[in-house]
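Given next are the chains, with one letter for each unit.
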Amino acid sequence: MMNWEKLLSSDRFDSSKKENSSPESFRSEFEIDYDRIIFSAPFRNLQDKTQVFPLPENDFVHTRLTHSLEVSSVGRSLGKSAGEYLINKYPNLAEKGIHSSDFGAIVAAAALAHDIGNPPFGHAGEEAISDFFKHHPYGFIWRTHVKPHEWDDLTNFEGNSQGFRMLVSKDNGLKLSYATLAAFTKYPRPSHIFKRDHNRRSQKKFGFFTDQQKDYAQLASELGLTKINAECWLRHPLAFLVEAADDICYSIIDLEDGCTMGLVSIEQTIELLAEILGDKFKPEKLEKYKTDSQKLAILRAMTIGSLISEAVEAFCANEEAILSGDFDKALTDIIPSAKPLEKISHLSVKKIYRSKPVLEKEAAGFQVLEGLLEVFSKALNHKFYQTELYSGKDKSILRLLPEDFPLDGWEIKVNPYPLLRALVDFISGMTDRYALSLYRRVKGISLPAT
């Protein structure tokens, strides 16, 4: 069984020496994690990445940045509340200098980074990258040049895995603590495990690519995470709280955005939120607020507060089963408000996620990412494999790649996987607007201003 003292290790990949070793320091190791994430360029780029409504023109809907900040806020509340329970249950934690705020800081940091690997245009962007390698001639052309597990990575792009890759990168990683990285990893399995256990929530998706599998194995060993089989682990317990924070926020706030955009009526929105609040909902008090936005704001705050309490209670009730691996479900699937949340989910799919504005812009996202991958992949293939086709156009295209892009080296001919991973890093790291702008330029649709 996993134990909390080991699970809360603040050690890091790069150094055995703590940067916050002074007892007088005003920041814990986990607060340092949070600060590193919030000041990083990949996190800042989330301000122009799709949440629900791609390239939003309405100031009131959420981007990935505002969503991540809100998930982190909810995550801190979940972690700190659960931490208070755990500190009381396990007195040895307090004796080791562990506080309830440490649990809150870990969950807050992991939740802050939970979408950091998402490509432009949201989930449509994930599918666009996968489909390019599965179906496009200049994507599928690499099939015979990489290993089977590497091909699984390329044809099954996953934002969670891309996020882990970014966070542990030897060159540009944020050097986060083992505990925060493990709490971030909701799906501790590699991409090539297709026969997953459908009864385990932690195997719904995958959390790291082939070239990061050793990294995850190392942090899992350091934290004492239990192995399910040769390549899959149990979740870090705090990953359940990170997941709950995300589930709570996107369920309630996507509904709020849908109402703001006129896709869901205010009456239906109030009815759904009131079902979660139960006796706490007082329609007469709601009438004191003059505007729909004010009514939505107060209901959203109350609903999220209620869901936080339910999720913490569910976590604490199942804490020992989580440590042993006997519990592996989403907390929001077992709380009293599970059915109302399911209603919200069904409504959101029908009226928000499949609404015409969303689908139109997602379709544009497919076109943009496929177009960018085609142009760069074609040029790379001509340079290293079909050299007789390597043209001046290809050379100009490759000059648009980042300065540190691995264009040189004989090993590319032997195994182009690192090259392709770097290309996916480049494309997936773009903001929505930059991807659209670059697409227009490389396709000759528009020219940069002179």
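Every chain is numbered independently, its residues counted from 1 as its sequence is written. Reporting in this predicted model follows two pLDDT cut-offs: at least 70 for local features of residues, and 80 or more for side-chain atom pairs to be given and counted; totals over whole chains, interfaces and linings ignore these cut-offs and use all residues. Only hydrogens and water are removed before side-chain values are computed, so all heavy atoms of the structure are retained for them.

Trainee: Looking at this model, I keep getting lost on the nonpolar core. Mind explaining?
Mentor: In terms of nonpolar packing, the biggest core is built from 87 residues, with Trp4, Leu78, Phe103, Leu219, Leu225, Leu238 and Phe315 touching the most fellow members. Non-local contacts of phenylalanine 103, meaning those with residues more than four positions away in its chain, are made with Trp4, Leu8, Gly79, Lys80, Gly83, Leu86, Ile87, Leu93, Ile98 and Leu238. Throughout this description, the term nonpolar core refers to a set of buried Ala, Val, Leu, Ile, Met, Phe, Trp, Tyr and Cys residues connected via side-chain atoms within 4.5 Å. A simple rule labels every residue: compare its accessible area, found with a 1.4 Å probe on the protein chains alone, to the largest value its type can have, and call it buried under 20%, exposed over 50%, or partly exposed in between. With 43 residues, the next largest nonpolar core counts Leu369, Leu372, Leu436 and Val442 among its residues. Should any heavy atoms of two residues lie within 4.5 Å, those residues are considered in contact.

Trainee: It is not clear to me how the side chain of glutamine 213 should be interpreted in this structure. Could you clarify?
Mentor: The helix count covers DSSP runs of H or I at least four residues long, the strand count covers runs of E at least two residues long, and both are numbered beginning at the N terminus. On the secondary structure map, glutamine 213 appears in helix H12 (residues 213–223). Here glutamine 213 falls in the buried class, since its relative accessible area comes to 15%. Excluding its chain neighbours within four sequence positions, the residues that come into contact with glutamine 213 are Pro190, His192, Phe208 and Glu231.

Trainee: Just checking my understanding: could you explain the packing of aromatic side chains for this structure?
Mentor: By convention here, two paired aromatic rings are described through the distance between centres and the angle between planes. Between rings of Phe, Tyr and Trp, where Trp is taken as its six-membered ring, a pair exists when centres lie within 6.5 Å; planes separated by under 30 degrees are stacked, by over 60 edge-to-face, and by other angles tilted. Per the stated rule, a full pass over the model turns up 16 aromatic pairs. Ring centres of phenylalanine 133 and tryptophan 151 lie 6.3 Å apart, and the angle between their planes is 85°; on these two criteria the pair is classed as edge-to-face. One end of the pair, phenylalanine 133, is in helix H7 (residues 122–135); the other, tryptophan 151, is in helix H9 (residues 148–155), with 18 residues separating them in the sequence. With relative accessibility at 0%, the residue phenylalanine 133 sits in the buried group. Relative to tryptophan 233, the ring of phenylalanine 208 lies with its centre 6.1 Å away and its plane at 65°, an arrangement referred to as edge-to-face. Taken together, the residues phenylalanine 208 in the loop between helix H11 (178–184) and H12 and tryptophan 233 in the loop between H12 and helix H13 (238–260) connect sequence positions 25 residues apart. Comparing phenylalanine 208 with tryptophan 233, the two get one shared label, buried. Pairwise contacts between aromatic rings join Phe132, Phe133, Phe140 and Trp151 into one cluster. Consider the ring centre and the ring normal. A charge sits over the ring if Lys NZ or Arg CZ is within 6 Å of that centre and within 35 degrees of that normal. Over the aromatic face of tyrosine 34 sits the side chain of arginine 76, whose NZ or CZ is 5.2 Å from the ring centroid. Lying over the aromatic face of phenylalanine 384, lysine 383 brings its terminal NZ or CZ to 5.5 Å of the ring centre.

Trainee: For this particular structure, what's the right way to read unusual backbone geometry?
Mentor: For residues other than glycine, phi is negative in most cases, and the peptide bonds are mostly trans. With phi around 65°, phenylalanine 121 is a residue other than glycine that occupies positive phi space. Along the chain, phenylalanine 121 falls in the loop between helix H6 (100–112) and H7. Phenylalanine 121 sits in the buried class, given a relative accessible area of 2%. Despite not being glycine, lysine 175 has its phi angle at roughly 55°, a positive value. Tracing the chain through its elements places lysine 175 in the loop between helix H10 (159–168) and H11.

Trainee: Before we go on, may I ask you to explain the pattern of salt bridges in this structure?
Mentor: Once the charged atoms of two side chains with opposite charge are near each other, the side chains can pair. Think of a salt bridge as a Lys or Arg side-chain nitrogen and an Asp or Glu carboxyl oxygen that are within 4 Å of each other. One pass over the structure, following the stated rule, counts 18 salt bridges. Arginine 12 is paired through a salt bridge with glutamate 29; the nearest N and O atoms lie 2.8 Å apart. Here glutamate 29 lies in helix H2 (residues 29–38) and arginine 12 lies in the loop between helix H1 (4–7) and H2, a separation of 17 residues in the sequence. Classification of glutamate 29 by relative accessible area gives buried; the value is 7%. Two residues, arginine 200 and aspartate 328, come together in a salt bridge whose shortest N-O distance is 3.1 Å. You can see arginine 200 sitting in the loop between H11 and H12 and its partner aspartate 328 sitting in the loop between helix H17 (319–324) and helix H18 (338–353), a full 128 residues away along the chain.

Trainee: Mind showing me how you'd approach the packing of helix H4 (residues 64–89) against helix H16 (residues 292–317) here?
Mentor: The relative placement of two packed helices comes down to the angle between their axes together with the axis-to-axis distance. Throughout, an axis means a line fitted to C-alpha atoms (over the contacting stretch in the case of helices), and angles, computed between N-to-C directions, take values from 0 to 180 degrees. Running from N to C, H4 and H16 cross one another at 40°; their axes reach a closest spacing of 10 Å. Considering their axes alone, H4 and H16 lie oblique with respect to each other. Seen from above, H4 lies across H16 with right-handed handedness. Two secondary-structure elements touch here, H4 through Val74, Ser77, Leu78, Ser81, Ala82, Tyr85 and Leu86 and H16 through Ile304, Ile308, Ala311, Val312, Phe315 and Cys316. Classifying every residue of the contact of H4 with H16 gives 11 nonpolar, two polar and no charged. Every angle not falling under 35 degrees, over 145, or within 65 to 115 is termed oblique; those three ranges are roughly parallel, roughly antiparallel and roughly perpendicular. Handedness of a crossing is defined here by the sense of rotation of the near helix relative to the far one, left-handed for an anticlockwise turn of less than a right angle and right-handed for a clockwise turn. Three categories are distinguished: nonpolar for Ala, Val, Leu, Ile, Met, Phe, Trp, Tyr, Cys and Pro, charged for Asp, Glu, Lys and Arg, and polar for the others, with Gly belonging to the last.

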